[in-house]
Structures are given as structure tokens and as C-alpha cells.
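Inside the fold
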Amino acid sequence: MNINRQWILARRPFGMVSADNFEYREVPVPEPGDGEVLVRNLYLSFDPTQRGWMEDRESYMPPVRIGEPMRAGAVGQVFASNHPDFETGELVQTLGGWQDFLVANPSAGMLSLSKLPPGIDPAMILSVLGTTGQTAYWGLLDLGKPQSGETVLVSGAAGATGSVAGQIARIKGCRVIGIAGGPEKCAWLTEEARFDDAIDYKSEDVDARIAELCPDRVDIFFDNVGGGILEAALNHINMRARVVMCGGISAYNATAPVPGPANLMNIVVMRARMEGFIVIDYMDRFAAAAQELMGWVQSGELVYQVDVQEGFENIPQTLTRLFTGQNRGKQLLKIADPA
Ligand code: NAP
């Protein structure tokens, strides 16, 4: 218990992220100072945005520095506390990164350290009630503004964010079509998540299938992918459509600048709106959204998948699963059970 295992960022990626970008090391467990808390990580969250954090460029967060443990969302347990509000054994959420132990300072804000609501499954707080569920909720409801009877198209639809966005659209009375890779994910979308239909972008002509499945055109496109899928969707937007720019995973590992869609003028012609967002801007409203999301889970209207890998040695490879589509729902890795 006096060794802190870490995976540090050793080399910035060019192209597809791989385990070679990271190095394993062991360092002493840090000591918490006055007002600080020592946390032991239990579950790590894997998110496509981590690929962006590995680049040496300005974004909504600073880049991870070479030699630092890779940044990651995590659920952990308080191991020792020098802060009156945190007790040993409590479950907390941190941005603790790929390591066993970290020192967190409660005064650094909710993103650095927050308590889990009592009795909540850590996997839920890192998935349907956490960042990906919240992204789906706020992106769809605040930017998409779905109206009953509208047609909603979602890319990356079988993933942690896309699957929740599509189901919220269904709950709001919309017709929902998902785009995902492969027959198994498409079957999960229609059979378990109760999307109205699914398009397999790996084997079908996405443009032709959107035309076929959306005869009244697309009122909301919730995009996680970008590239050719965004261009195909823009061909079919309705008047006053909302294009919710959640992510663009198809370009995250690109080695050269990716050309934009050739048909952006459709936004003008259809008097549509295209808007991006970053979910952390909604953090002060997460608790209310989590309550509504939990209600839908409990009533069976909202299903979610978590894909829990195990083993500290498997951390780097687990990140690559997001970019090869191996993950089935929210990608997590369990380091340890709570003590
Ligand atoms: P996820 O969807 O659970 O996993 C990523 C999925 O992306 C993979 O399973 C794969 O599904 C698909 N994918 C990977 N490479 C692809 C490619 N080249 N073309 C098409 N699809 C590809 O991950 P997530 O955490 O929920 O993130 C989904 C998106 O939401 C990402 O774009 C992420 O950046 C974005 N996001 C945005 C915010 C925000 O605040 N704006 C917050 C969280 C997440 P298939 O097998 O179907 O290809």
C-alpha cells in the first residue's frame, strides 16, 4: 500500500492513440497536506475527449503534460483525510487519472473532488447519471429542444452518450433513428433501447438510408461523429432543424486537417441552427438532471450499458477500445473494489 502505480503520458500521439503513448511507473503514495484528501481510485472512466487532452494544444482544458499521469475521470474512496467534510471510506468522484492514489483538494472545485450520493453504484455515476448521461440530457434538451412528433437522428448511437440521447428523444415523443457500427449494435438499438430504426454505417449507404427512414426529414441531428456522417445528415435536415454538435470522433485520430462538410449551405437554406457545447458548463444543474435520468432508469424507459474492463495493466489498451468501436456502452475499468 505504499506504492502508487501510474500510467504516465510518455509520448504525444500522431494518428491512432496506442498503448505506446504511455509508460508504467511506480512512485511513493503521496501525503495529503492541510485541508487535502488522499483518494484511492476504484473505477476509471474512458472518454474520447482524453485523445484531445493528449495533444499539445489549447482546448477547454489544458493538455496533459509529458510525464504526468494520464488525466481521467474516476470514482475512488477516501483513504485519508485532512479535511473536515471528507471521511475515510467515503466514495468520491475525481479527475484523478491513471494511478492508484491521488491527493485532491476540495477547494479546487467540484470537477476535482465531489462526493457520490449515498448508495449510488459507481458505474452509474460514471455513465448514465454522469458525464455521458448528462451530455446526452443537456445536448438534446437544451440545444436540440425536441418536440413530440419530430424526427431525431443520432450518430454514435450505440455509445454511452448517443444511446441516452436517442432514448430521451423517444421519451419526449420523437421518432428516433440511430447510426452505429455493425449489426449487433444496431440490433441493440432497436430491440433494447427501442429506437425506431438503426443504420449500420459500416455496411449501408448512410445518405440513402437517412432518405428512406426520414421521409419527413430530420428535425434534430445529435452528432457524435462528424465527417462523412455529418455531411450525409446535413443533406436531410428539415426547416428550422437543430444540429447538436456533441463530438466528432471520426477525426480525433486524424493525421491531417479534416475537411468540413461540403454542404454547410444547407444550414442557411433550411434556416437551421448548428451549435456546440461542453457539458461541464452545466455542472451546477447535474443533480436535477441525474434525478430525472434516474427516474427514467427506474421506470424502465431508459436502458444503459457499461463495459467494465479489469486490471491496472490493461488501462492503456482500454482507451483504444473507444476508437475501434469495441466498447459496448460506457467504457470503464475497475481497479479495485471499495474497502
Ligand atoms: P462512446 O460513444 O461510448 O464510444 C465511442 C464510439 O464511437 C465507439 O464505440 C464507436 O462506435 C464510435 N466510433 C469510433 N470511431 C469512429 C469513427 N471513426 N467513425 C464513426 N464512429 C466511430 O463514447 P462517448 O463517451 O459516449 O462519446 C461519444 C461522443 O460524445 C464523442 O464524440 C465524445 O467526444 C462526445 N462527448 C462530448 C461531450 C461534450 O461535452 N460535448 C461530452 C462527452 C462526450 P461504433 O462501433 O458505432 O463505430
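Residues numbered from 1 in each chain as written. Predicted model: local features only at pLDDT ≥ 70, side-chain atom pairs only at ≥ 80, totals over all residues. Heavy atoms only, no water.

1. Side note on the overall build of the chain
This is how it is decided: The numbering of helices and of strands both runs from the N terminus, where a helix is a DSSP run of H or I of at least 4 residues and a strand a run of E of at least 2. For the radius of gyration, the atom set is restricted to C-alpha positions; the globular benchmark scales as 2.2 Å times the number of residues to the power 0.38. Relative accessibility under 20% of the residue-type maximum defines a buried residue, over 50% an exposed one, and the middle range a partly exposed one, all with a 1.4 Å probe and only protein chains included. Residues count as neighbours in contact if any of their non-hydrogen atoms are within 4.5 Å of one another. All accessible areas in this document rest on Shrake-Rupley with a 1.4 Å probe, and a residue is counted as covered only by the protein chains that are shown. Only four residue types enter the tally: Lys and Arg on the positive side, Asp and Glu on the negative side; His and the chain ends are excluded. The atoms used to mark charge sites are NZ of Lys, CZ of Arg, CG of Asp and CD of Glu.
Counting its secondary structure elements, the chain contains ten helices and 15 strands. Over its C-alpha atoms the chain spans a radius of gyration of 20 Å, differing by no more than 12% from the 20 Å that the globule rule assigns to 339 residues. Taken over 339 residues, the chain has a buried fraction of 52%. Sequence-distant contacts in the chain: of pairs separated by 6 or more residues, those separated by 24 or more amount to 67%. Working note: accessible area of the chain is about 14800 Å², and carbon and sulfur atoms make up 51% of it. Across the chain, the centroid of the 28 positively charged side chains sits 3 Å from that of the 41 negatively charged ones.

2. What to know about helix 4 (residues 160-171)
Each full turn of the α-helix corresponds to 3.6 residues, which orients residues three or four apart in the same direction. Stated formally: Given a helix with a known number of residues, its expected span is that number minus one, times 1.5 Å.
Here helix 4 is twelve residues long and its end C-alpha atoms lie 17 Å apart, about the 16 Å a rise of 1.5 Å per residue gives. For helix 4, the buried fraction is high: eleven of the twelve residues fall into the buried class. Among the residues making up helix 4, those that are buried are Ala-160, Thr-161, Gly-162, Ser-163, Val-164, Ala-165, Gly-166, Gln-167, Ile-168, Ala-169 and Arg-170.

3. Comments concerning the packing of helix 3 (residues 131-144) against helix 9 (residues 286-298)
For clarity, the cut-off: Think of each axis as a best-fit line through the C-alpha atoms, taken over the contacting stretch in the case of a helix, with angles from 0 to 180 degrees between the N-to-C directions. Orientation categories follow fixed angle ranges, with anything under 35 degrees roughly parallel, anything over 145 roughly antiparallel, 65 to 115 roughly perpendicular, and all other angles oblique. Here the term charged refers only to Asp, Glu, Lys and Arg, the term nonpolar to Ala, Val, Leu, Ile, Met, Phe, Trp, Tyr, Cys and Pro, and the term polar to all other amino acids, Gly among them.
Remark: helix 3 packs on helix 9, axes separated minimally by 10 Å, with the N-to-C direction vectors making an angle of 95°. Put simply, helix 3 runs roughly perpendicular to helix 9. Here Gly-133, Gln-134, Tyr-137 and Trp-138 of helix 3 come into contact with helix 9, specifically with Phe-286, Ala-289, Ala-290, Glu-292, Leu-293 and Trp-296. Among the residues making up the contact of helix 3 with helix 9, the classes are represented as seven nonpolar, two polar and one charged.

4. Overview of the sheet that holds strand 10 (residues 197-200)
The test is simple: Being paired, for any two strands, means DSSP has found at least two bridges between them.
Strand order across the open sheet formed by six strands is 10-9-8-11-12-13, with parallel pairing between neighbours. At either end of the open sheet lies a strand with only one pairing partner, and these are strand 10 and strand 13 (273-276). In this sheet, adjacent strand axes meet at a mean angle of 15° when their direction is disregarded. In terms of strand pairing, strand 11 (residues 218-223) meets strand 12 (residues 237-245) through five bridges, oriented parallel. For Ile-220, the partnering residue across the bridge sits in strand 12 and is Arg-242. Running over the sheet, helix 4 touches strand 8 (151-155), strand 9 (175-180) and strand 11 and is turned about 170° from strand 8. Sheet strands in contact with helix 5 (residues 183-191) are strand 9 and strand 10, and its direction is about 170° off that of strand 10.

5. Considerations on the site of the ligand
Rules: We call a residue near a molecule or strand when any one of its heavy atoms sits within 4 Å of it. Polar contact is the term for a pair of N or O atoms within 3.5 Å; when the atoms are in protein, one must be able to donate a hydrogen and the other to accept it, and sequence-neighboring residues count only if both atoms are side-chain atoms.
Surrounding the ligand, one finds 26 residues, the nearest of these being Thr-161, Lys-185, Tyr-201, Tyr-252 and Asn-327. A distance of 2.8 Å separates an oxygen atom of the ligand from a polar backbone atom of Ala-160. Note that an oxygen atom of the ligand is positioned 2.8 Å from one of the backbone N or O atoms of Gly-181. Isolated, the ligand exposes 910 Å² of accessible area, and the fraction of that covered by the protein chains is 90%.

6. Some details on the nonpolar core
The tendency in soluble globular proteins is for nonpolar side chains to be buried side by side. This is how the line gets drawn: Buried residues of nine kinds, namely Ala, Val, Leu, Ile, Met, Phe, Trp, Tyr and Cys, make up a nonpolar core once their side-chain atoms join them within 4.5 Å.
In terms of nonpolar packing, the biggest core is built from 70 residues, with Phe-22, Trp-98 and Leu-319 touching the most fellow members. Looking at this core element by element, the count peaks at six residues for helix 9. When sequence neighbours within four positions are dropped, the list of residues in contact with Leu-319 reads Val-17, Phe-22, Phe-46, Asp-47, Gln-50, Met-54 and Trp-98. The next biggest cluster of nonpolar side chains, apart from the first, holds 22 residues, and it includes Leu-153, Leu-213, Ile-229 and Ala-272.

7. Considering the pairing of strand 12
In plain terms, the rule: Classification remark: right-handed applies to a crossover when, strands pointing away from the viewer, the course from the first strand over the helix to the second runs clockwise.
As a crossover connection, the stretch from strand 11 through helix 7 (residues 227-234) into strand 12 is right-handed. Direction of pairing for strand 12 relative to strand 13: parallel, over a ladder of four bridges. Within the sheet, the bridge partner assigned to Met-245 lies in strand 13 and is Gly-276.

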